[in-house]
Amino acid sequence: MSKASIVREWTRPDGSKCVGGSEDNAKAPPGSLMLYNSLLDEKVPFVPASGPGSKSLSWYTCGPTVYDVSHMGHARNYVTFDVIRRVLEDYFGYNILYVMNVTDVDDKIILRARRNYLLAKYKEGKHTDAEVKAFAEKAVQNSFAKQRAKLAEADEAAATYKKEEHEAAATYKKGVLQRQLNELEGVIKNEAHKLIQIQTALSVLGQAGDSATIYAVASDFVAEELDREQGNSVTDASIFRAHAAKYEAEFTQDMDSLGVRRPDVLTRVSEYMDEIVDYVKKIVDNGMAYESNGSVYFDTTNFRACGHTYGKLKPWAVGSSALAAEGESNFETSEKRSNTDFALWKASKPGEPFWESPWGQGRPGWHIECSAMASTLIGSRMDIHTGGDDLRFPHHDNELAQAEAYYHNEGCHQWVNYFLHSGHLEIEGLKMSKSLKNFITIREALKSFSARQLRLLFVLQSWNKSMVYGEASRAEMKAREAQLKNFFQNIEVAVRGVDEITSCAKWQTEERDLSQKLQAVQNKVHEHLLDNLNTAAVMDTLSELIKSTNIYLSKKRESASAAAPAQPLLLRKVSTYVTRMLSIFGIVDASWDKPGFADAAGGAGDAKGAGYLDAFAAFRDDVRSLARTKADPKETMTACDRVRDVTLVELGVRLEDRPDGKAIWKLDDPVVINPKP
C-alpha cells in the first residue's frame, strides 16, 4: 500500500460514508452519544446496528491469552471496559450481549508451557554450579545477540522513515510517516530497555556462584535456550492444557477480585476448533487465502483486489515488521506470497499441540480465533469490539480482514461498527508489559490498594488515552476516595437519629441553592457521559457537588437558629445521586438507593456488632471499677481516651470530640484513622 494513498473511511450504521478528518463526521442530533472510534480515530455518533431507537447491542472483547499471571496493564483494560459496559447498561439502558474469548491455544502458551516444563526437568538433573553457570551464560549471550539485532532493525526502520518524511512533499504523507516514527520511537525505547535488562543479567551472572543465584538471575534465559535445543521433544498435550487452565483460573479470580462483571458468553479456542477450520475453508473458497506446505495464509493482495481495505485501524503499520513484531512472531517466511500475508492455520511442528484439518495436522493462527468465534455468536455485523491499544495491529486489523473475506459474498465491508481501544498503562515512561519485565501483578497491587481504589484510579483517567501508573495518579486516587468517604460520613452524621418527615422545614436560600446545584450537576454529568463516556469529568463534577454540600452542612452547623436545621430529605437526594453514579461506575457495591460506601455505612454484621458490644461492656467494667475505688478523675479521662484512640479505632470507628462537649462517630478504615508509620 502506498503511504500517500492512505485514507481512513468508516460507514455509519445507516449506510452513509465518512472520511477521516471531515467535519461532518461529528454531526449528530442533540443529545447523541459520541464515542471515539478507532476506525477513524475520531469521536462519532453512536447508533446501534439495529437502528437509532434500538437498545440491543452486540459486543465482543478480546480476552486474555492465558500464558502467565495477570498484571495491572490487564486491569487497566478489563476494568476500563467494565466501567464502559456498566455505563451503557446501567445509565443509558442498553441490553448488551457481551462476549469474551479466552485464548488457550497460542504461540506464547506453547512456548511458556514448554519452557517451564524443560526448566523444571533441567533443575532436577545433577548439574554442578559451574555447569549451570556456563549454560546460563551461553543462554544470556544468545538472547543478547538476538535482542541487539532486533534493536538494530528498529533503528534502521526509523532511519528510513525519517528520510522518507524529510523528502515527502504531501502534507498528508508527512503525517502518516510521523505516526510511524512516533510509534517506532516507542518500540525502540522498549527494545533498548530489554537490551539493558539482558546486559544487567550478564553483569550479575558474572558474580554469581551458586545455582540458586544463577536461576534467580537467568531462569528465563535458561528456559529459552533449553527450548531452542529441546523444545521439539515435548509431545505431551496435557502440558499445554494444564498450563492454560491454571492461568485462566487465576485470571478469573483476579477479575472477580476487581469487581469486573463476567461476560454473558465465554469462548475458548480449544472448544471452537471445528468452527475455526470451517471459517478458514470458506476464506480459501472465497479466493482470499491459500495453502502452503500444510499451512494456510491470508492473501492480502487478493483481498484488496476484491474491493476490501486492509489495515483500517493502523494503516501506517502495514508492511512494517518493526511495528508488528509484538504480535506476529512468524512475520517473515518463504511460504508467504507477500510479507503482509499472515497465517490462518499453522502446520504442526514437533513440540506443539495439533488438531486435524483438511490441510493436515496443525493449529489456528492467532487472529482467526476471534473472527470465527465472534462470527459464530454475533454474525456478520457487530456493534462494538474492544481491546487494548496494542492489539490494533496486527490482531484487530487481521480480524477485520478475515471476517470481511468470510462474508465477502454477503457484501460485508465493515464487520465492526465501533472499535474501542483502551490506552496503555505506563510505568517509568514505558508500557507495562510482561516482555519488558516491568509489570506489577494484580494480586501484588491488591495488597497495597483496595479494588475500589484501583477502579477509582482508572475512572479518573480518559479511557482511550495512555495513563501513568505513578505516584501522582495514586495520590489523586487516594485524595478522591478520602473526599468521598468524608462526604458520606458528614451526611450520615447530619441525618443520624433525625426523623426525615417531622424535621422537614420550609426551604431557605441555602436549600434552594443546593437543589439547583444538584440539578446543574446532573445535567453536566449527562453531558460528560454523552461526550465519549468522560468519567474523569463526571468525577470532577461530582466533586463540585460534594463541596457545595459540605458548605451547606457547615453553614447549618454554624447557624444559631434551631428553626433552620439541615434538611435530611435534600441530603438524602444528594447522597443518593452521588451513590448512584459511583454504583454505575462499579465503585460502590451496594444498591444505589442506600447512600454511601457499603463498608462504611452500617450493616456491619453479627461479628462486628459483637465487637462493638464487647468494647462497650469492657469500658463499662473499667468505669465501674474506677468508681468503686474512687480513683482520680484523670484515670477516668484516660479510660475514655483509650476507648477513643485504641478500642474504637480497631473497630473502624472514628470518635471526634466537639467544642460543645458532645462527640460524634464515623465509620472508617482503621488504617485511615490511625495510619501506622
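Here the structure is a predicted model, which is why all the values come from computation and not from measurement.

Let's shift gears to the packing of aromatic side chains. Inspection of every chain in the model, using the stated rule, returns 16 aromatic pairs. Between Phe46 and Tyr418, the ring centres sit 4.7 Å apart and the planes meet at 55°, which makes this aromatic pair tilted. Within this pair, whereas Phe46 is found in the loop between β4 (42-45) and β5 (56-61), its partner Tyr418 is found in strand β13 (residues 416-422), the two being separated by 372 residues in sequence. For Tyr418, a relative accessible area of 0% corresponds to the buried category.

A word on the nonpolar core. Membership of the largest hydrophobic core comes to 162 residues, with the highest contact counts inside it found for Phe92, Ile283, Met539, Leu582 and Phe585. No other element matches helix α3 (residues 129-167), which puts 11 residues into this core. If sequence neighbours within four positions are ignored, Met539 has contacts with Leu456, Val459, Leu460, Arg480, Leu484, Leu582, Phe585 and Ile587.

Before going further, it helps to examine helix α10 (residues 368-377). Across the 10 residues of α10, 8 count as buried, placing the element largely inside the fold. Along α10, the residues that are buried comprise Ile368, Glu369, Cys370, Ser371, Ala372, Met373, Ala374 and Ser375. One or two steps after α10, the chain reaches Gly379, where phi turns positive at roughly 105°.

Enumeration over the complete set of coordinates arrives at 49 salt bridges. For Glu250, the salt bridge is made with Lys246, and the minimal N-O distance between the two is 3.0 Å. Placement of both Glu250 and Lys246 in helix α6 (residues 237-257) is noted, with a separation of 4 residues, approximately one turn of the helix. In this structure, Glu500 engages Arg572 in a salt bridge whose closest nitrogen and oxygen atoms are separated by 2.6 Å. Taken as a pair, Glu500 in the loop between α14 (471-495) and α15 (509-530) and Arg572 in helix α17 (residues 568-585) lie far apart in primary sequence, 72 residues in all. Given a relative accessible area of 26%, Glu500 falls into the partly exposed group. Overlapping salt bridges bring together Arg85, Glu89, Asp90, Arg261 and Asp264 as one network.

Taken together, 4 strands build an open sheet; the order of strands is β8-β9-β10-β11 and the sheet is antiparallel. The open sheet is flanked by β8 (289-292) and β11 (362-364), the only strands paired with a single partner. Strand-to-strand, the axes of this sheet are offset by a mean angle of 20°, without reference to chain direction. Pairing between β8 and strand β9 (residues 295-298): 4 bridges, direction antiparallel. Residue Tyr290 lies in a different strand from β9, and its bridge partner there is Tyr297.

For the rest of this paragraph, the subject is the confidence of the model for the chain. Looking at the chain, the pLDDT average stands at 90 and 92% of residues meet or exceed 70. A low-confidence stretch, residues 327-331 (pLDDT under 50), is modelled with 18 contacts involving residues beyond four sequence positions or located in other chains.

For β5, the buried fraction is high: 5 of the 6 residues fall into the buried class. Sheet analysis places β5 next to strand β6 (residues 95-102), joined by 6 bridges and oriented parallel. The residue bridging Tyr60 from the neighbouring strand is Val99, located in β6. In the classification by handedness, the crossover that spans β5, the intervening helix α1 (residues 72-91) and the parallel β6 is right-handed.

Right, let's get into the environment of Asp540. Tracing the sequence through the fold places Asp540 in helix α16 (residues 535-558). The class of Asp540 is partly exposed, set by a relative accessible area of 39%.

Once that is clear, we can look at the packing of helix α2 (residues 107-124) against helix α5 (residues 211-230). Viewed as axis vectors pointing N to C, α2 and α5 meet at an angle of 105°, and their least axial separation amounts to 8 Å. With respect to α5, the element α2 is oriented roughly perpendicular. Contacts from Leu111, Arg114, Arg115, Leu118, Leu119, Tyr122 and Lys123 in α2 reach Tyr215, Ser219, Val222, Ala223, Glu224, Leu226, Asp227 and Gln230 in α5. Residue composition of the contact of α2 with α5, by class: 8 nonpolar, 2 polar and 5 charged.

Turning next to the packing of α15 against α16. Between α15 and α16, the shortest axis-to-axis distance is 9 Å and the interhelical angle comes to 175°. Regarding the angle of α15 to α16, the classification is roughly antiparallel. Of the residues in α16, those touching α15 at Glu510, Glu511, Leu514, Lys517, Leu518, Val521, Lys524, Val525, His528 and Leu529 are Ala537, Val538, Thr541, Leu542, Glu544, Leu545, Ser548, Thr549, Tyr552, Lys555 and Lys556. Residue classes in the contact of α15 with α16 are distributed as 10 nonpolar, 4 polar and 7 charged.

With that settled, the discussion passes to α1. Taking 1.5 Å per residue as the helical rise, α1 with its 20 residues ought to reach 28 Å, and the 27 Å between its terminal C-alpha atoms agrees with that figure. Among the 20 residues that make up α1, 18 are buried, leaving the element largely enclosed by the rest of the structure. Backbone geometry just after α1 places Gly93 at a positive phi near 80°.

Another aspect to go through is the sheet that holds strand β16 (residues 467-468). Backbone-to-backbone hydrogen bonds join strands into a sheet, with any given pair of strands oriented parallel or antiparallel. The mixed open sheet is built from 3 strands, whose spatial order is β15-β14-β16. Looking at strand neighbours, the two that pair on one side only are β15 (430-431) and β16, the edges of this open sheet.

A separate point is the environment of Phe251. By the secondary structure assignment, Phe251 is in helix α6. Discounting residues that sit within four places of it in the chain, Phe251 has contacts with Pro64, Ser70, Tyr78 and Met100.

So, how was this worked out
Residues numbered from 1 in each chain as written. Predicted model: local features only at pLDDT ≥ 70, side-chain atom pairs only at ≥ 80, totals over all residues. Heavy atoms only, no water. Phe/Tyr/Trp six-rings, centres within 6.5 Å; stacked < 30°, edge-to-face > 60°. Helix = DSSP H or I, 4+ residues; strand = E, 2+ residues; numbered from the N terminus. Buried < 20%, exposed > 50% of the residue type's maximum accessible area, 1.4 Å probe, protein only. Core = buried A, V, L, I, M, F, W, Y, C linked by side-chain atoms within 4.5 Å. Contact = heavy atoms within 4.5 Å. Salt bridge = Lys/Arg side-chain N within 4 Å of Asp/Glu carboxyl O. Pairing = 2+ DSSP bridges. Axes fitted to C-alpha atoms, helices over the stretch in contact; angles between N-to-C directions. pLDDT = per-residue confidence, 0-100. Right-handed = clockwise from strand over helix to strand, strands pointing away. Parallel < 35°, antiparallel > 145°, perpendicular 65-115°, else oblique. Nonpolar A, V, L, I, M, F, W, Y, C, P; charged D, E, K, R; others polar. Expected span 1.5 Å × (residues − 1).

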